[in-house]
Protein chains: 2
Amino acid sequence: MGTNAAGFNNILQTWGYKPTTQRQAVLEVILKNQDKHLSAEEVFAETKKTNPRIGLATVYRTLQLFEKVGVLQHISLDDGCMRYEMADPEQKYEHQHLICEVCSDVIEIREDMAFFAEKVFLQKGFRITTHQVKAFGICKKCSDDLECNHGNDGK
Amino acid sequence: MGTNAAGFNNILQTWGYKPTTQRQAVLEVILKNQDKHLSAEEVFAETKKTNPRIGLATVYRTLQLFEKVGVLQHISLDDGCMRYEMADPEQKYEHQHLICEVCSDVIEIREDMAFFAEKVFLQKGFRITTHQVKAFGICKKCSDDLECNHGNDGK
DNA sequence: ACCCTAATGAGTTTCATTTTCATTTGCTTT
DNA sequence: AAAGCAAATGAAAATGAAACTCATTAGGGT
């Protein structure tokens, strides 16, 4: 199972949704860009390459639909729009995002946060279903670059 | 030191900004609502009570300014607008938000995440300056309520 | 081929946030 | 205290992501 073009139709049909060409086209874009975090506009632009007649509204609706059926999840990287990525097939662990304040690169990491959810439940009785960890800072590359320019005044 | 009306003027002047009446009025609103996570519109509405001539644009600009000088920090609770809260005076630990999906209540907790930053730095060379942990789920109260209605169909 | 509903697309609308620009205000210098 | 000036403000307009409207199209079953 999992999220491939084949199992995908099953997922939609289980929920009573039709596997239309637009939805398949959007899925392909998603699958081809699993390493990225595309916005609705970006998915729109990319999908139009193979499916020029698709409308932006359909992309927005499709992304929400995919989130509903568990294929996608949205994240906010504080850049003015919602972004989407493949949902974790296992709910157990979830991943985190490191956003470099210099080069805007987004690095994904997978730190186990189960202890966090457990602690919160024990202490507050709050049952976590999903969580997002977003960290801003300076990535190794930019850190090294700054190191190199040490002593320069930038001119 | 710290963020009170007195030390506040110093902070602004250090950065070369003027402690205007509008900025002081917004600060008072912030200080009076430290337990909440106000949006720009909410700060605007609240500030108008004591300062009816203030403009919405000024509130937006002031909130950004306060963030810049380290008085505030913004958070996204996925409810359609940016929200603000007092910045942590110590950069060491930061706090996390639990958002109940039933009653929309926001609970703050303070779990030490220093180990997380350390681990990320050791493994990726990424130096975290700020991070946000946002967890969605069901709070204790709503969880108990659901328990009570067990067996009912809601009518 | 027909029917019916879900799905789509183009355009419109909403609403948070930003920008513009003329006016005002807070300081600093006389 | 008056003048000068840049920073700050307010009102209005602009922007842009996301949602909505509604007439049209397309799936899937009969």
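Residues numbered from 1 in each chain as written. Chains lettered and ligands numbered in written order. Predicted model: local features only at pLDDT ≥ 70, side-chain atom pairs only at ≥ 80, totals over all residues. Heavy atoms only, no water.

K.L.:
Pulling in residues and values, what's your account of the packing of helix α1 (residues 5–14) of chain B against helix α2 (residues 21–32) of chain B?
P.N.:
Residue and element names in this part refer to chain B. Axis separation between α1 and α2 bottoms out at 11 Å; the angle between their running directions is 130°. Between α1 and α2, the angle falls in the class oblique. As for how α1 packs across α2, the hand of that crossing is right-handed. Judged by residue contacts, A5, F8, N9 and L12 of α1 engage R23, Q24, L27 and L31 from α2. In the contact of α1 with α2, the residues fall into 5 nonpolar, 2 polar and 1 charged. (Axes fitted to C-alpha atoms, helices over the stretch in contact; angles between N-to-C directions. Helix = DSSP H or I, 4+ residues; strand = E, 2+ residues; numbered from the N terminus. Parallel < 35°, antiparallel > 145°, perpendicular 65-115°, else oblique. Left-handed = near helix turned anticlockwise from the far one by under 90°. Contact = heavy atoms within 4.5 Å. Nonpolar A, V, L, I, M, F, W, Y, C, P; charged D, E, K, R; others polar.)

K.L.:
Describe the domain arrangement of chain A, naming the residues involved and giving the relevant values.
P.N.:
Residues and elements named next belong to chain A. In terms of domains, chain A is made up of domain 1 (1–89) and domain 2 (91–155). Measuring from the centre of the C-alpha atoms in domain 1 to the corresponding centre in domain 2 gives 25 Å. Each partner contributes residues to the interface: domain 1 has 10 residues there, and domain 2 has 12 residues. Taken together, the two surfaces of domain 1 and domain 2 that pack against each other cover about 910 Å², and 43% of this comes from carbon and sulfur. (Domains from an automatic or database assignment. Buried area = accessible area lost by both parts, 1.4 Å probe.)

K.L.:
Break down the protein's contact with DNA strand D for me, citing the residues and quoting the values.
P.N.:
Surrounding DNA strand D, one finds 21 residues, the nearest of these being Q64(A), M82(A), T20(B), T58(B) and R61(B). Counting only the atoms of DNA strand D that lie within 4 Å of the protein, the sugar and phosphate share comes to 77%. In this structure, Q64(A) approaches DNA strand D through a side-chain N or O atom, which is 2.7 Å from a phosphate oxygen. Measuring from a sugar or linking oxygen of DNA strand D, one finds a side-chain N or O atom of Q22(B) at 2.8 Å. Breaking the surface near DNA strand D down by element, the ones donating at least two residues are α4 (56–68) of chain A together with α2 and α4 (56–68) of chain B. With 4 residues, the single largest contributor to the surface near DNA strand D is α4(A). Its residues assigned to classes, the surface near DNA strand D comprises 8 nonpolar, 6 polar and 7 charged. (Near = heavy atom within 4 Å. Polar contact = N/O pair within 3.5 Å; in protein donor to acceptor, adjacent residues only side chain to side chain.)

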